[in-house]
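Below, each chain spelled out in residue letters.
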Amino acid sequence: MANLQEIAKKFRVSDNFLNSKEDGLLIVASSLNDIISELTRNDKRGIDENQKQSIITKLEKLGEFCKEVKNSSF
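The paragraphs below set out a description of the structure included in this document. Worth saying up front: this structure is predicted, and the values here are computed from it rather than measured.

### Side note on the overall build of the protein chain
From N to C terminus, the protein chain includes three helices and zero strands. Counted from the first residue to the last, the protein chain has its helices and strands arranged as α-α-α. The burial tally for the protein chain puts 24% of its 74 residues in the buried class. Taking contacts inside the protein chain between residues at least 6 apart in sequence as the whole, the part at least 24 apart equals 65%. Surface exposure of the protein chain reaches about 5500 Å², of which carbon and sulfur atoms provide 53%.

Below, the structure is given as structure tokens:
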């Protein structure tokens, strides 16, 4: 079980922003907003395969981040 500092390093998040599991939720919410913005920007042109794969990768990584923060030690 990793601690929050190790998780921050793994996911390249400043450890100043990840001091608690609640901070992890705020990071997830912000990341989801970024992904939504990316999707709406590309809505008029459509999303090509590379962008689709990029979004899928971001969502998978975000899911992994959620699980690790949930299971983290302090």
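Picking up after the structure, the text goes on.
### Overview of the side chain of S72
Locating S72 in the fold gives a position in the segment after helix 3 (49-70). For S72, a relative accessible area of 6% puts it in the buried group.

### With respect to the environment of I35
By the element assignment, I35 lies in helix 2 (residues 21-41). The exposure class of I35 is buried, given its relative accessible area of 7%. Between the alpha carbons of I35 and I56 there is a distance of 10.0 Å; along the sequence they are 21 residues apart. Beyond its immediate sequence surroundings of up to four residues, I35 is in contact with I55, K58, L59 and L62.

### Here we look at the pattern of salt bridges
Summed over the entire model, instances satisfying the criterion amount to three salt bridges. A salt bridge links E64 to K10; the nearest nitrogen and oxygen atoms lie 3.1 Å apart. With E64 in helix 3 and K10 in helix 1 (residues 4-10), this residue pair connects regions lying 54 residues apart in the sequence. Salt bridges linked by common partners bring K10, E64 and E68 together as one network.

Each value, and the rule that gives it
- Residue numbers here run from 1 along each chain, matching the order of that chain's written sequence.
- Under the rules for a predicted model, residues below a pLDDT of 70 receive no local features and side-chain atom pairs below 80 are neither given nor counted, while totals for whole chains, interfaces and linings still include all residues.
- Side-chain numbers come from the whole structure's heavy atoms, not from hydrogens or water.
- In DSSP terms, a helix is any run of H or I states spanning at least four residues, a strand is any run of E spanning at least two, and both are numbered starting from the N terminus.
- Using a 1.4 Å probe on the protein chains alone, a residue whose accessible area is under 20% of its type maximum counts as buried, one over 50% counts as exposed, and one in between counts as partly exposed.
- Only heavy atoms matter for contacts: two residues are in contact if any of them lie within 4.5 Å across the pair.
- Exposure was quantified through the Shrake-Rupley algorithm and a 1.4 Å probe, taking into account, for residues, occlusion by the shown protein chains and nothing else.
- Think of a salt bridge as a Lys or Arg side-chain nitrogen and an Asp or Glu carboxyl oxygen that are within 4 Å of each other.

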